[in-house]
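As a plain string of letters, each chain reads:
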Amino acid sequence: MLGNDWDELLKEELDKDYFKNLFEFVKREYNSKTIYPKMSELFNAFRHTSYQNTKVVILGQDPYHGENEAEGLSFSVKVGVRKPPSLNNIFKELQDDLGFLPPNSGSLLKWADEGVLLLNSVLTVEKDKPASHRNQGWEEFTDAVIKKINEKKTPVVFILWGNYARAKKSLITNEQHYVIESAHPSPYSANNGFFGSRPFSKTNHYLESKGIKPIDWNLSK
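Counting restarts for each chain, with residues numbered from 1 along the sequence as it is written. Totals for whole chains, interfaces and linings use every residue, but because this is a predicted model, local features are given only for residues with pLDDT of at least 70 and side-chain atom pairs only at 80 or more, for both listing and counting. Side-chain calculation: all heavy atoms of the structure are included, whereas hydrogens and water are not.

In contact at an axis separation of 9 Å, helix 3 (residues 17-32) and helix 7 (residues 138-150) are set at 125° when each is read in the N-to-C sense. By the angle between their directions, the pair helix 3 and helix 7 is classed as oblique. Pair helix 3 / helix 7 crosses with left-handed handedness. Between helix 3, through Tyr-18, Phe-19, Leu-22 and Val-26, and helix 7, the contact on the second element is made entirely by Trp-138, Glu-140 and Phe-141. To get an axis, a line is fitted to the C-alpha atoms, and for a helix only the part in contact is used. The angle between two axes follows their N-to-C directions and goes from 0 to 180 degrees. Each helix corresponds to a stretch of at least 4 residues labelled H or I by DSSP, and each strand to a stretch of at least 2 residues labelled E; elements are numbered beginning at the N terminus. Roughly parallel means an angle under 35 degrees; roughly antiparallel, over 145; roughly perpendicular, 65 to 115; everything else is oblique. A crossing counts as left-handed when the near helix is turned anticlockwise from the far one by less than a right angle, and as right-handed when that turn is clockwise. Contacts were defined at the residue level, with two residues in contact if any of their heavy atoms lie within 4.5 Å.

The next subject is the pattern of salt bridges. What counts as a salt bridge is simple: a side-chain nitrogen of Lys or Arg found within 4 Å of a carboxyl oxygen of Asp or Glu. Counted by the stated rule, this structure contains 16 salt bridges. Between Asp-97 and Arg-198 there is a salt bridge, and its shortest N-O distance comes to 3.3 Å. With Asp-97 in helix 5 (residues 85-98) and Arg-198 in the loop between strand 6 (178-182) and helix 9 (199-209), this pair connects stretches of sequence that are 101 residues apart. Note on classification: 1.4 Å probe, protein chains only; a residue is buried when its accessible area is under 20% of the maximum for its type, exposed when over 50%, partly exposed between these limits. Looking at Asp-97, the relative accessible area reads 7%, which means it is buried. Of the charged contacts in the structure, one is a salt bridge between Glu-151 and Lys-148, with a shortest N-O distance of 3.8 Å. Looking at Lys-148, the relative accessible area reads 22%, which means it is partly exposed. Connected through shared salt-bridge partners, Glu-29, Lys-33, Glu-126 and Lys-129 make up one network.

Glancing now at the nonpolar core. In summary, soluble globular proteins display a tendency toward joint burial of nonpolar side chains. Core analysis: the biggest nonpolar cluster contains 63 residues, and Ile-58, Trp-111, Trp-138, Phe-141 and Trp-217 have the highest contact counts within it. When residues of this core are assigned to their parent elements, the largest contribution, 7 residues, is made by helix 3. In this structure Trp-217 touches Val-56, Ile-58, Leu-94, Leu-98, Phe-100, Trp-111, Val-116, Ile-159, Phe-200, Thr-203 and Asn-204, once residues within four positions along its chain are discounted. Nine residue types can take part in a nonpolar core, namely buried Ala, Val, Leu, Ile, Met, Phe, Trp, Tyr and Cys, and a core is a set of them joined through side-chain atoms within 4.5 Å.

Let us now look at the packing of aromatic side chains. Ring pairs are drawn from Phe, Tyr and Trp, using the six-membered ring of Trp, whenever the two centres fall within 6.5 Å, and their geometry is named by plane angle: stacked under 30 degrees, edge-to-face over 60, tilted for the rest. The tally for this structure, following the rule as stated, stands at 19 aromatic pairs. Both rings, one in Trp-111 and one in Trp-217, keep their centres 4.9 Å apart while their planes meet at 90°; by these two values the pair is edge-to-face. Placement of Trp-111 in helix 6 (residues 109-114) and of Trp-217 in the segment after helix 9 is noted, with a sequence separation of 106 residues between them. Just as Trp-111 is buried, Trp-217 falls in that class too. With a centroid separation of 5.7 Å and an interplanar angle of 55°, the aromatic rings of Phe-194 and Phe-195 are classed as tilted. On the accessibility criterion, Phe-194 (0% relative accessible area) is buried. You can call Phe-195 partly exposed: its relative accessible area is 24%.

Before going further, it helps to examine the layout of surface pockets. Of the voids in this model, the largest pocket is the one considered here, and its volume is about 520 Å³. The dominant element in the lining of the largest pocket, judged by the number of residues it contributes, is helix 8 (residues 162-166), at 3 residues. Cavities and pockets are defined on a 1 Å grid built over the protein atoms alone: a cavity is a set of grid points where a 1.4 Å probe fits but cannot escape, while a pocket is an open set with protein on both sides within 12 Å along at least five of seven lines, and lining residues are those with an atom within 4 Å of any such point. Grid points are joined across faces, edges and corners, and a volume is the space filled by probe spheres set on the points. Each pocket or cavity is described by its volume, and for the second largest pocket that value is around 200 Å³. Forming the walls of the second largest pocket are Glu-8, Leu-9, Leu-10, Lys-11, Glu-12, Glu-13, Glu-140, Asp-143, Ala-144, Lys-147, Lys-148 and Glu-151. Taken together, the elements giving at least two residues each to the lining of the second largest pocket come down to helix 1 (6-9), helix 2 (11-14) and helix 7. Here the lining of the second largest pocket takes 5 residues from helix 7, the largest share from any one element.

Next up on the list: the side chain of His-133. As for its placement among the helices and strands, His-133 is situated in the loop between strand 4 (125-126) and helix 7. Each polar contact in these results corresponds to two N or O atoms within 3.5 Å; when the atoms are within protein, one needs to be able to donate a hydrogen and the other to accept it, and residues that are neighboring in sequence are counted only if both atoms are side-chain atoms. Within the structure, the side chain of His-133 is placed 2.7 Å from the side chain of Thr-124, a separation counted as a polar contact.

Overall, parallel pairing links the 4 strands, which are arranged 3-2-5-6 in an open sheet. Where the open sheet ends on each side, the last strands, each with one partner, are strand 3 (116-120) and strand 6. Each adjacent strand pair in this sheet contributes to an overall mean axis angle of 20°, direction not counted. Only strands joined by at least two bridges in the DSSP assignment are considered to pair. In the sheet, strand 5 (residues 157-161) pairs with strand 6 via 5 bridges, with the strands oriented parallel. The residue bridging Val-157 from the neighbouring strand is Tyr-178, located in strand 6.

Below, the structure is given as structure tokens:
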């Protein structure tokens, strides 16, 4: 269902009653409403970033709810879709931090393939209705994912932007992992600690210090 090594790792979670109920709800929603991302892209984060290859986790809340924006990765939009303000601010910080020019596309698939798990806490949303699929069970599932990553024997960097993501810090108890937290890149909060936080260079410095190949954050190649 998820792809690569996640299916076996999360087998018990997928068999739990809450997840079965959640997935029945999600299927009904897809059959009767416009839901994002497309069902075929629902688990893109897992398909593009295996558990074994996960070096970094960037945690978001819900998928984008605008028409054809979401592609199953936190903060990412499909090629050809206008970049949301939060994503523009992420690219501004990336340029200030590492000097990389903002890319033409807002798709972060390249980061996912580099080992960055772009995980939303809630994986589906109804068109034009933000937070419409919260408290249906997705949070329990994605918390289980974070706990599973916390068990990894190799170091992982968790990037937590904003209060919602930072609340998940309590799930990260393995001392070998590194947590980077700051304000959210939203225009409402980016000037309160997101800009200047240098998450990309901090991540790579930590990975390199542990003998792990750093992330190629450059999307404008």
